[in-house]
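# Inside the fold
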Amino acid sequence: MLGGMNPSIGIVTLNAKFIHSSLSLRYLRNAARRAGFENVWIREFIINQPVWKIAAEILKQSPDVLGLSVYIWNRKQSFELLEHLQKQNPEMKIALGGPEVSFEAEIPDGYTLIAGEGETKWVEYLNFTAKGESPQRDVLEHWNTYGNDQPELHPPYIEEDYPTLKNRYAYIEASRGCPYLCSFCLSALDKKVRYFDDAEIRQQIQRLFQNGTRKIKFVDRTFNLQPKRMMNLMQWLTQFDGTEFHFEVVGDLLNDDMMRFLATVPQGMFQFEIGIQTTTEEVQDTIHRKQSNAKLFKTIQALIQQDRVHLHCDLIFGLPGETLDELLESFTEVLKLKPHELQLGFLKFLPGAPIRDQIESHEYRYLSFPPYEFLSHKNLSAEEVRFLKQFAEVFDLFYNTQRFQFSLDHLFQNQAPVEVFRKLISALEKGNRVLNALSLDHQYRIFAETFKLDADPLAWDLLQLDYLYHQRSYRLPGFMTARLASNGSSRPKTWDVDRKTMVVPFRHTLEWQGPEPNLIPAPSPVYYAVAHAEVDTSYMSRPRIERVEA
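Below is a short write-up of the structure. A quick note: this is a predicted structure, and the numbers were derived from the prediction, not measured. (Residues numbered from 1 in each chain as written. Predicted model: local features only at pLDDT ≥ 70, side-chain atom pairs only at ≥ 80, totals over all residues. Heavy atoms only, no water.)

Scanning the protein from terminus to terminus reveals 17 helices and 19 strands. Its C-alpha radius of gyration of 26 Å places the protein within 12% of the 24 Å reference for a compact globule of 550 residues. Seen through its C-alpha atoms, the protein measures out along the principal axes to roughly 85 × 55 × 50 Å. Considering only contacts within the protein whose residues lie at least 6 apart along the sequence, 71% involve residues at least 24 apart. Of the accessible surface of the protein, which amounts to about 25,800 Å², a share of 48% is contributed by carbon and sulfur atoms. If the 61 positive side-chain charges of the protein are averaged to one point and the 71 negative ones to another, these points end up 5 Å apart. (Helix = DSSP H or I, 4+ residues; strand = E, 2+ residues; numbered from the N terminus. Rg over C-alpha atoms; globule rule 2.2 N^0.38 Å. Contact = heavy atoms within 4.5 Å. Areas by Shrake-Rupley, 256 points an atom, 1.4 Å probe, with all protein chains shown as cover. Lys, Arg positive; Asp, Glu negative; His and termini not counted. Charge placed at Lys NZ, Arg CZ, Asp CG, Glu CD.)

And the structure:
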């Protein structure tokens, strides 16, 4: 019998960042304990820690059996760790699972592969190892098959977990599976949707909150499949003041009742991630994506106008058949809606994803290692893709950070968004700044110089407001302060209320229409203090803006 009557069973993974946590480890630990294995422990590491140190920490626990959870972000480090462990402790039994190894074609020597949802197969594997038996090939092949042996759904967290998740993201599922068939996504293989018990979900969230967790992400592929269930849960969540909740939703399924409800929720408590991916209808058909663009856009506009829910939208560059002009048109259409964040992703050929069937017909070239990202296809050249990579990086820097929100809105009134970001790309290339990190002050200087904002008092005031509004800062950049001095302003003073927030002169009076400023020319300088709370408490935390008499 392996490890006597009570073998040491470890389950580990490497997260991308410390703030992240792993659901899978907890599901597998709980399944093993329910099956009678008592000495089951989990450890989470991060990918930038030295692999030899991770191996040393694991071996300190003297595991008889080890489960390693492998993902697209940790495949390289996981297989390096596997080699360390196999050569330092050849007697240890090791199983690998997770989406990154769920579609391996061959059954390997030296370790066991578990594909798909792993709770049931993991327990079967532990039963074999506990008896000192080796499974037959047909069992190994069964374990290495995706989509079978779907387990009963149990909640992930137990008492020992809650203290470890303070100041980290806690992930939770209300359901598993997805009814949609989008060919780029592994969820296209999980056609049946199963639901967790509502009472158990609520109990887990209550305990997370009591132990100090303030960021909770639901990882359901489509959180709003059952609108009434969604409304009931979200209404219940509103009691947890100061907590942020993230959901993935299908925008064109948000019905009128749901929209009326969303107009009442606490501002900034909830974030919706809405995958748009493309607005080119022919491409939507090619990737088997059912989506009403008109209804989706109407919903997004309404959510932005309500100003209650933080909105994160996604586009995918490189979908089959989509040209550069078409995908930039998709980008422009979505940007007009003013989502708080717009992620520009690049198509990835995930192992097992149905999109791989189109590699040959669309002449795709892509990376053979994670993240399996496409490099070109017959309608999109490698040179165009390199431009898009630069475009996405500059867009992240100047739009998704929200540091230039008001200034960009002003520019977009007279310039096409694509041209605005092309100019910023040119400015970065001209200054040989593409490969170098830019300080915050440098970003604002480049923006001001690229669009010659010093010649436009309104544009300058908006840039100044952007700087003060979008980060907790008690000063202006040197080039802005120098401009104040050249205009005859005396040495900046601080606000009497906190003695540290800078009082800054503007050429305009600031009035607000919801989240957007309306600047009205003033005959003489108008002074404002833009003061931030010590801690952001929601996705839409905003500063206090006070007019100060000179």
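This paragraph deals with the pattern of salt bridges. Under the defined criterion, the tally for this structure stands at 31 salt bridges. Among the salt bridges present, the one from Asp307 reaches Arg542, with a minimum N-O distance of 2.8 Å. Of the two residues, Asp307 sits in the loop between α10 (293-306) and β12 (310-317) while Arg542 sits in the loop between β18 (516-531) and β19 (544-548), which places them 235 residues apart along the sequence. For Asp307, a relative accessible area of 9% gives the class buried. Under the relative-accessibility criterion, Arg542 is labelled partly exposed at 33%. Here Arg422 and Glu419 are joined by a salt bridge, their closest N and O atoms 3.4 Å apart. Here the residue Arg422 and the residue Glu419 both occupy positions in helix α14 (residues 417-430), the gap between them amounting to 3 residues, near one helical turn. Relative accessible area serves as the criterion here: at 39%, Glu419 is assigned to the partly exposed category. By sharing partners, the salt bridges in this structure join Arg26, Arg29, Arg33, Glu44, Glu160, Asp161 and Arg168 into a single network. (Salt bridge = Lys/Arg side-chain N within 4 Å of Asp/Glu carboxyl O. Buried < 20%, exposed > 50% of the residue type's maximum accessible area, 1.4 Å probe, protein only.)

Another aspect to go through is the environment of Arg202. Structurally, the position occupied by Arg202 is in helix α6 (residues 198-210). Not counting residues within four places of it along the chain, the set of residues in contact with Arg202 comprises Asn232, Leu233 and Trp236.

What follows concerns the packing of aromatic side chains. According to the stated counting rule, one finds 41 aromatic pairs in the structure shown. Taken together, Phe331, Phe387, Phe391, Phe395, Tyr399, Phe412 and Phe421 form an aromatic cluster joined through their ring pairs. Arg168 extends its terminal NZ or CZ atom over the ring of Phe18, reaching a point 5.2 Å from the ring centre. The positively charged end of Arg483 is found above the aromatic ring belonging to Trp460, 4.3 Å away from the centroid. (Phe/Tyr/Trp six-rings, centres within 6.5 Å; stacked < 30°, edge-to-face > 60°. Lys NZ or Arg CZ within 6 Å of the ring centre and 35° of its normal.)

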